[in-house]
Amino acid sequence: MSAGLAELLAGLRLPVIASPLFIVSTPKLVIAQCTAGIVGSLPALNARPSSQLDEWLTEIREALARWDRDHPQQPAAPFAVNLIVHRSNDRLEADMAICARHRVPLYITSLGSQPQVNQALHDAGGFILHDVINTRFAMKALDAGVDGLIAVAAGAGGHAGTKSPFALVSELRRHFQGPLVLAGAISNGRSILAAQSMGADLAYIGSPFIATVEAGASDGHKAAVVAANADDILYTNAFTGVHGNYLIPSIRAAGLDPDQLPAPGALDMGGGLKKRWKDIWGCGQGVGNVEAVVPAADFVERLAREYGEARGAMGLRVA
């Protein structure tokens, strides 16, 4: 891990980044994640219109500054903003300018990596982690100048890949020894340790945060996450044109047959995407570990306890 990025992440309570959840991640959730000691994040596209992003980043920065002032021995973790680097995202330049004014410390880029975008984010003082589902995309992103990779393995919520995390991490580590984050059905402390044991530096956790008090999900969405298990997840490209994992009950509730979905349309990161995701909910296969709707800090506390217990148990086995 580069010295600058290592310094940025040095104070984390757990080696965890909370993934940006479309529609669900709000300033309130990001603040709760960061003050609990993990990296909080949100998609820039959650703020609509783009001018709202300026308000949200102001809210986040001011809240974290207050926390640091009141808790000098337990400062908040940094936050990240997710930027969609796809030609259909006509807000990219405007969102980048807003993020630059707020000196966003960490960026998560998805669906494309462009050298000029990465240079602009670096010039604004940010570090860049890029979502990848295979080695080919990873090498293209590294050539374009990203600082680290997020290996989106099988079972992850949202636009996930199909590769086993064992295969994906091993292949990436053959080519890249820098910052590596693993995504894919990580929903407890044991899985965080497992990600590290495979060669990742940090774990990427998303779906369990849907079922938190601070999340912007509807009550029905939260209840569906609590009720679901891995058998309730469908992998399809029918909704956005890119394959992703979705809750089957939400597909049925929208009047669609999960076994006979319409042909996918072209990827559109504009306003139509939010409409499509309003009632058809993305979710990962790790959802079976979600037991109740709880405050985000309580979930992080549970992760920390499980992570410590797992480390202790593995130490005993090694001895």
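A brief look at the structure comes next. These figures come from a predicted structure and were not determined experimentally. (Residues numbered from 1 in each chain as written. Predicted model: local features only at pLDDT ≥ 70, side-chain atom pairs only at ≥ 80, totals over all residues. Heavy atoms only, no water.)

**Focus on unusual backbone geometry**
Right, so step 1: Put simply, Arg48 and Pro49 share a cis peptide bond, and its omega is 5°.
Right, so step 2: Phi angles above zero are rare outside glycine, and Arg103 is one such case at about 50°.
Right, so step 3: Note that Arg103 resides in the loop between helix 4 (92–101) and strand 4 (106–110).
Right, so step 4: One non-glycine residue with positive phi stands out, namely Ala185, at about 65°. (Helix = DSSP H or I, 4+ residues; strand = E, 2+ residues; numbered from the N terminus.)

**Comments concerning the layout of surface pockets**
Right, so step 1: In this structure, the second largest pocket occupies an estimated 180 Å³ of space.
Right, so step 2: Every residue along the wall of the second largest pocket is listed here: Leu8, Arg61, Leu64, Ala65, Asp68, Ala76, Ala77, Pro78, Phe79, Arg103 and Pro105.
Right, so step 3: Among the elements that take part in the lining of the second largest pocket, helix 3 (residues 51–70) stands out by supplying four residues, more than any other. (1 Å grid on protein atoms, 1.4 Å probe; cavity = no way out; pocket = protein on both sides within 12 Å on 5 of 7 lines; lining within 4 Å. Points joined across faces, edges and corners; volume = space filled by probe spheres on them.)

**Quick word on the nonpolar core**
Right, so step 1: Of all hydrophobic cores here, the largest spans 77 residues; its most connected members are Leu57, Phe79, Leu149 and Phe209.
Right, so step 2: For this core, the element with the highest residue contribution is helix 12 (residues 296–318), accounting for seven residues.
Right, so step 3: Among all residues touching Phe209, those that are not within four sequence positions of it are Ala18, Leu21, Leu29, Gln33, Ile38, Ala215, Ala296, Phe299 and Val300.
Right, so step 4: With 18 residues, the next largest nonpolar core counts Leu12, Ile150, Val181 and Tyr204 among its residues. (Core = buried A, V, L, I, M, F, W, Y, C linked by side-chain atoms within 4.5 Å. Buried < 20%, exposed > 50% of the residue type's maximum accessible area, 1.4 Å probe, protein only. Contact = heavy atoms within 4.5 Å.)

**As for the pairing of strand 7 (residues 180–183)**
Right, so step 1: Residues of strand 7 alternate between two faces, with Leu180 and Leu182 on one and Val181 and Ala183 on the opposite face, all of them buried.
Right, so step 2: Sheet analysis places strand 6 (residues 148–152) next to strand 7, joined by four bridges and oriented parallel. Bridge pairing in strand 7 links Val152 to Ala183.
Right, so step 3: Following the backbone out of strand 6, through helix 7 (residues 165–175) and into the adjacent parallel strand 7, one traces a crossover that is right-handed. (Pairing = 2+ DSSP bridges. Right-handed = clockwise from strand over helix to strand, strands pointing away.)

**Looking at the packing of aromatic side chains**
Right, so step 1: Applying the stated criterion across every chain, the model contains two aromatic pairs.
Right, so step 2: Centroid distance Phe209 to Phe299: 5.1 Å. Interplanar angle 90°. Geometry classified as edge-to-face. One end of the pair, Phe209, is in the loop between strand 8 (202–205) and helix 9 (219–227); the other, Phe299, is in helix 12, with 90 residues separating them in the sequence.
Right, so step 3: Judged by relative accessible area, Phe209 falls into the buried class, the value being 0%. (Phe/Tyr/Trp six-rings, centres within 6.5 Å; stacked < 30°, edge-to-face > 60°.)

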